[in-house]
Structure formats: C-alpha cells, structure tokens
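Summary of structural features
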Amino acid sequence: MSKQRVLEVKGLKTSFFTDDGEIPAVDDIDFYIDEGEILGVVGESGCGKSVTSLSIMGLLPKGIGKVVGGEILFRGENLVHATEKRMKEIRGNEIAMIFQEPMTSLNPLFTIGNQLIEAIRIHTDLNKKEARLRAIEMLKLVGLPRAEAIIDEYPHQLSGGMRQRVMIAMAMACRPAVLIADEPTTALDVTIQAQILKLMKDLNENFRTAIMMITHDLGVVAEVCQRVVVMYSGKIVEEGDVHTIFRRPKHPYTIGLIQSVPDIREKKERLYSIPGNVPKPGAITHGCRFAARCEHAFDQCLKETPQLYDLDGTGHRVRCFLHQREEESKSGRAVVAGEKS
Amino acid sequence: MFAYTVRRVFMVIPVLLGMSLVVFFMIRAIPGNPAQVILGQKATKEAVAALTHKLGLDQPWYVQYVKYLGGLLRGDLGESIRTGTAVSHEIWPYLAATLELSLAAMFIAVIIGVNAGIVSAWFQNSWFDYAAMVLALIGVSMPIFWLGLMEQWIFAIHLDWLPTAGREEVRNPIEPITHLYLIDTLLQGNTEQFVEVLQHLILPSVALATIPMAIIARITRSSMLEVMKSDYVRTARAKGLSMFWVVYKHSLKNAIIPVLTVIGLQTGLLLGGAILTETIFSWPGIGRYIYDAIGYRDYPVIQSGILVVATIFIFINLIVDLLYAAIDPRIKYN
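Residues numbered from 1 in each chain as written. Chains lettered and ligands numbered in written order. Predicted model: local features only at pLDDT ≥ 70, side-chain atom pairs only at ≥ 80, totals over all residues.

**Some words on the overall build of chain B**
Tallying secondary structure elements over chain B gives 14 helices and zero strands in all. When the helices and strands of chain B are listed from N to C terminus, the series reads α-α-α-α-α-α-α-α-α-α-α-α-α-α. Projecting the C-alpha coordinates of chain B onto the three principal axes gives extents of approximately 85 × 55 × 40 Å. Across the 334 residues that make up chain B, the buried fraction comes to 36%. Restricting the contact set of chain B to residue pairs at least 6 apart, pairs at least 24 apart contribute 71%. (Helix = DSSP H or I, 4+ residues; strand = E, 2+ residues; numbered from the N terminus. Buried ≥ 20, exposed ≤ 12 C-beta atoms within 10 Å, placed from the backbone. Contact = placed C-beta atoms within 7 Å.)

Put into structure tokens, the structure is as follows:
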C-alpha cells in the first residue's frame, strides 16, 4: 500500500526574539508523517518539541516566536507562507491539536457543548442542532458515558481524563488529516494514560488520522508509535522506526534516554539519569550540542556540528560522529577533509 | 443563590446602622447650630433656643439618634429643617438627576474603557496600546473640575455646540414623570426635548466618565493580557477560531470579572462623588443637595442623603457579586 505523505517539515528553524536577542528554539529540523502513521517526537523539556508543533499550527506567540527558515509542507502546501485566513481553515480542520494540560485547556466559562459545537461549526455548514448531534456523537466516540448530559456540563464538572477525551473529541470533530498531540497523557494518572493512548490508537486506525505524538515518555512511544524522532536542544539527533530505536539505539543521548526508563524487573539503588542538563537554546553554537553530557565525546564533537547520517538506508538516521566514522569505514570512503582524528 | 441573596440583603442592615451612626456624629461635629444658621447671625438667644427646642436638637444625642432610627424603620427619612418638607419626598428629583448623570457617565466609561483595554491587550505594544495607556494615565490624573471647565470653554463657549450647564433648556422646561429626563421625554414622545436633554448630558457625563474610563481601560488590559496567555485561549485558536471571537468570546468573558468589580465600585463612587461635576455644570444632583444641606446644617437631609447613597452603593456591589456567579459557573454562593 503506497502511503501518502501528509506533513513534511524541511529545514525548519524557529527562533524567539527576546531582549537578549534571537534564541533559536528549533534549529534546522526535518521530518515527515505519512497518512495514518503515528510519529513519536521525543526529548527532554526545552528541546523544541512543543515549539515545532506550534510552528506547524502557526500559533507561535505573536511578535516573539517566528519561523525564520525552512518549510512546513502540508500535502505539498507550504504553511510557513500561508495567510492567516488559510491557517484558520487548516487549524482544527486539517491539522488539529491537543495539549498537555486537560485541566486548563478548556474554557471554564463555557459548556462542553458550546466549545465542541463551536469547533464543528467553524469548519462545517451544519446548523446548531446538527452540530449538537455531531458533538454528542463525538463524545460517544471518545468513550464518554452519558454524552447527552455531559454536553451541557462545564469543564470543572469533569475529571482530567474526561476533559482530555473532550479535547480529543474536539480535535477529531472535523476528521483532521493530522493530529498533533503535545504530551497528551503527561498530566494524567497511569490507568487513564493507557485508556487515552488506546483511544488515540483506535481513532488513528479508524480514521487514518496521522498523529504526531510529542512526549518525553518512551513508554508512550513504545506503546503507540511506528516511527520516532529524538530531539535534543532544537535538533533531531536520531530518527528511525520504533523497533530500531529501542533495540539498536545509536546516539548516546537516545541510549541514555532508554537507560533512564526504570525497569520493574531490576532492583536498583539509584535510577539512571543522563548527567547534566539540557543546554539553554542558543547556548551552544559550536560542535555537537550533546557533547558536554556525552561520555564518548572527543575533540571533533566540540568543534564541528555533526550531520544526520543515514545508517543503513532504512531511514535510521543519527547525528553523531561515532557513527559517521563507522559508516565511512564501512563504505571505505575517504576521510572527509578537515576532519580531525 | 436565592438564600445567599437574602442573606446578603440582611447583612446590609448592620452596615447601614454603623454608617448612620458615623454620619450622625460627624455632622454634629461640624461647628454651627442649625437654628442659628436659619435665624441668621442677628437672632436673639431666646429665639435660637426656642427653635433648637422645636427641632428637638436640645435633647441628648442618644434620644435624637433613637428617634431618627425609629423614623427610618417606618420609612421616614426625616424632615428638612430648611424647607420643612419630608426628605423622602424631596430627595428623589435630585437622586434621579444624579442617577441619570452617573449612568450616562458609566455607559461611556464602560463602552470606551473596556474596548480600549481589549484592543490594547490584543495589539500589545502597538502604537494604539501605547497611546491608549498614556491617555488613560492622563485621564486618571486629570482634575475633574479643570476638565469640566475646559469642556465648557471649548465645546460650549468657543464652538457653541453644546449647552454650558443645567439639565434642560430653561425656556422649554420638562414636565417630570420619573425625573429621569431621558425617560420622561421618551414617554412623552417629545423628540425635541429628548435631544435637548441629551445635549445637556454630554459634557458633564464625559467629564465624569474620564476617571472611571481610564481605570477600566487599564484593568481590562491587564486582565485580558493575563487571560490571553492561558491554555484555553490557545485551544480556541487551535480550533481555527478567528482572533475576534478568541478575544471577544473566550478571553473577554474570563477577563471581565475583575473589571466588573471596578465598574461596581466606580458606579458607587460616581453617585456620591459627582459633586464637583454637578457644581461645575449646575447639575441639580444629590451631591449638590447634600452639599447645600451641609451649608445649612440641615441634619436630616445630610443624614438621610448619605444613607440613601450608601444603600445604593451597597446594592450595586451586591449585584456585582451576583453577576460573578452568573458569569462563572464555578462560583457558587451557598
């Protein structure tokens, strides 16, 4: 089955302009999502995951955040240059988004129905009554009991898990091609997390909606994603299908992330954590951004910025000099000029 | 909600009781005897004493106070010493004049203030934002009597667009029904007089509106800025909603609560504090009524006038509290 590419991000650069000058939050990233695919975007807080999603939606804080380079192609249309009018048509209709905080993501002063019907009526010609029926149908679809009653309730009358279901219902109301989920389960407790993930997976299968799952939780990735993009300090450091990333991670950061996941079968005094912290965006301008925290770092890592190397032609790419050398020695290519050993 | 409202209404009683006590003593602290003021400086001591006795002012303070309270309970606000008419009868035309003026002023202040605040927040750091906030700062700091005089000088004297003072055209007096002249002229279907009343209303209400307008604009702006950073506003935008609806539906309803508080307080302040404007524009309002009464040491008028204004103030704020619950479903009064 040939897959259609719904979203492709090429060389995206997003910066924040503050009193301290330009701060690059997302620096030259490329990735794509195919129809019906679930892509995991993983990384620690502050690595640029959310900024990437807000760039796609065109919802960067006005006057502060700006896409300064690259392309965001939605079915071939570059959203970076799209007008606000066109973006309004796309938001919620073609590309929808759900957020981390279900507790605060719904307007406390309007009923669930009001907010859901509004989402439906922006993009359809349905009248109020039809939109209401559609809203009830959506609430049932996301597994909310007594949908007819909930529609007239206010957000504070629902639990966090229920509110996230409402958010999903709202996002899915117009059957978007892409759903961006920004840490949708982070604020929920574990049993609810599993239910929400299952719901999203079901919706993905039933409606062929591509999902960009932003998370820092590798468990979530293993559960639902087909491919993974690992981000670090505004750059993609590794990309591949979920099995490859979990079984044969190449980048020292990815390896560290996977090691940091506690294993219930092992008894440990201390849980593993990658030493150090994520550098502030824009703090590192030379060399690999992970070098300062990497136990394998050598001279070159501090001086030059590694490229994303395709390891085996299957889409497993890694931004690390260790693997560049491995690749080059394998293919017998000459050492790149200027490389220091 | 109903039980809460009833409870709040009953809570008004101790407040008014305290209020009446404070006013009762404060006016008696003003030097001068009403009888002396009425009879003039050349009156004989006997005549003053006789009138003082007739007015009951020679009795101990607690007797006077209890008598006054007793009257209040029967709905009797006392009798004006100067005119001899019942205050409850006399007060309404003045109160109506002030109500009309303050409501017109608040209407201007709310419409312009809230919208200026919204647009300033929407286009934060734009030229509009800067201009509006500088104007608001000037508005808050401007002495109202100076503004009033400038208005008269420019719009009434130089340009001759609007009348200088008063509530109505002296040559074309209004037959009062409710004493709210806008309503009266409408009820009588007299468009000519309606326009005249409106013309008289413009300058004083703009002068009176300036300070509340500036305060409302600043509060609305900061409240809106806070709300527009919230997650649900981002959600609304992510739905594809236009900025207009994001601002005027999702943000405004959340941002309006602190603004309502200010609107309530300012309306109350205008009722009692319109005296400067009323003096400059010869507006026969309650502020002037009480002020003149102080000149005559007309104790019943001062006491009851202040009490009436205080009662209205308290009820306006009760309405504001009830509005909170109407706007925010999370607020429940039990």
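Read on, since the account is not over.
**Considerations on the overall build of chain A**
From N to C terminus, chain A includes 13 helices and 12 strands. Its C-alpha radius of gyration of 21 Å places chain A within 12% of the 20 Å reference for a compact globule of 341 residues. If one aligns the C-alpha atoms of chain A with their principal axes, the spans along those axes are about 70 × 50 × 50 Å. For chain A, the share of sequence-separated contacts (at least 6 apart) that also reach a separation of at least 24 residues comes to 63%. (Rg over C-alpha atoms; globule rule 2.2 N^0.38 Å.)

**Quick notes on unusual backbone geometry**
A positive phi angle, near 60°, is found at Arg208 of chain A, a position not held by glycine. Within the secondary structure layout, Arg208 of chain A lies in the loop between α8 (190-207) and β8 (210-215). For Arg208 of chain A, a count of 14 C-beta atoms within 10 Å corresponds to the partly exposed category. Here the phi dihedral of Asp160 of chain B falls at roughly 55°; this positive angle occurs in a residue that is not glycine.

**Focus: the sheet that holds strand β2 (residues 21-34) of chain A**
Residues and elements named next belong to chain A. With respect to topology, four strands assemble into an open sheet ordered β2-β1-β4-β5, the strand pairing being antiparallel. Each of the sheet's edge strands pairs with one partner strand only, and the pair in question is β2 and β5 (77-78). With 11 bridges joining them, strand β1 (residues 5-18) and β2 adopt antiparallel strand pairing. Paired with Lys13 across the bridge in β2 is Asp27. Against the sheet, helix α1 (residues 49-57) touches β1, β2 and β4 (65-74), its axis set at about 75° to β2. (Pairing = 2+ DSSP bridges. Axes fitted to C-alpha atoms, helices over the stretch in contact; angles between N-to-C directions.)

**With respect to the nonpolar core**
In terms of nonpolar packing, the biggest core is built from 161 residues, with Leu116, Ala169, Val178, Met212 and Met213 of chain A together with Ile216 of chain B touching the most fellow members. For this core, the element with the most residues is helix α9 (residues 191-228) of chain B, which contributes 17 residues. (Core = buried A, V, L, I, M, F, W, Y, C linked by C-beta atoms within 7 Å.)

**Description of the domain arrangement of chain A**
All names here are of chain A. Domain parsing of chain A yields domain 1 (5-233) and domain 2 (256-262 + 271-278 + 285-331). Counting residues at the interface gives eight residues for domain 1 and six residues for domain 2. Across the side of domain 1 that touches domain 2, the residue classes break down as four nonpolar, three polar and one charged. (Domains from an automatic or database assignment. Nonpolar A, V, L, I, M, F, W, Y, C, P; charged D, E, K, R; others polar.)

**Observations concerning the environment of Thr191 of chain A**
Residue and element names in this part refer to chain A. Along the chain, Thr191 falls in helix α8. Judged by the 9 C-beta atoms lying within 10 Å of it, Thr191 is exposed. Separated by 30 residues in the primary sequence, Thr191 and Gly161 place their C-alpha atoms 9.6 Å from one another.

**Examining the packing of helix α6 (residues 127-141) of chain B against α9 of chain B**
Residues and elements named next belong to chain B. Two elements in contact, α6 and α9, have axes separated by 8 Å at closest approach and are oriented at 140°. When the interaxial angle is binned, α6 and α9 end up oblique. Here α6 and α9 pass one another in a crossing that is left-handed. In contact with Ala132, Ala136, Gly139 and Val140 of α6, α9 contributes Thr210, Ile211, Met213, Ala214, Ile215, Ala217 and Arg218. Partitioned by chemical class, the residues of the contact of α6 with α9 number eight nonpolar, two polar and one charged. (Parallel < 35°, antiparallel > 145°, perpendicular 65-115°, else oblique. Left-handed = near helix turned anticlockwise from the far one by under 90°.)

**A few points about the confidence of the model for chain A**
Here chain A averages 85 in pLDDT, and 94% of its residues register 70 or above. Confidence drops under pLDDT 50 across residues 333-341 of chain A; counting only partners more than four residues distant or on other chains, this segment forms five contacts. (pLDDT = per-residue confidence, 0-100.)

**Considering the interface of chain A and chain B**
Of the residues lining the interface, 23 residues belong to chain A; the matching set on chain B comes to 19 residues. Among the elements that take part in the side of chain A that touches chain B, helix α4 (residues 112-123) of chain A stands out by supplying four residues, more than any other. Split by residue class, the side of chain A that touches chain B holds 11 nonpolar, seven polar and five charged.

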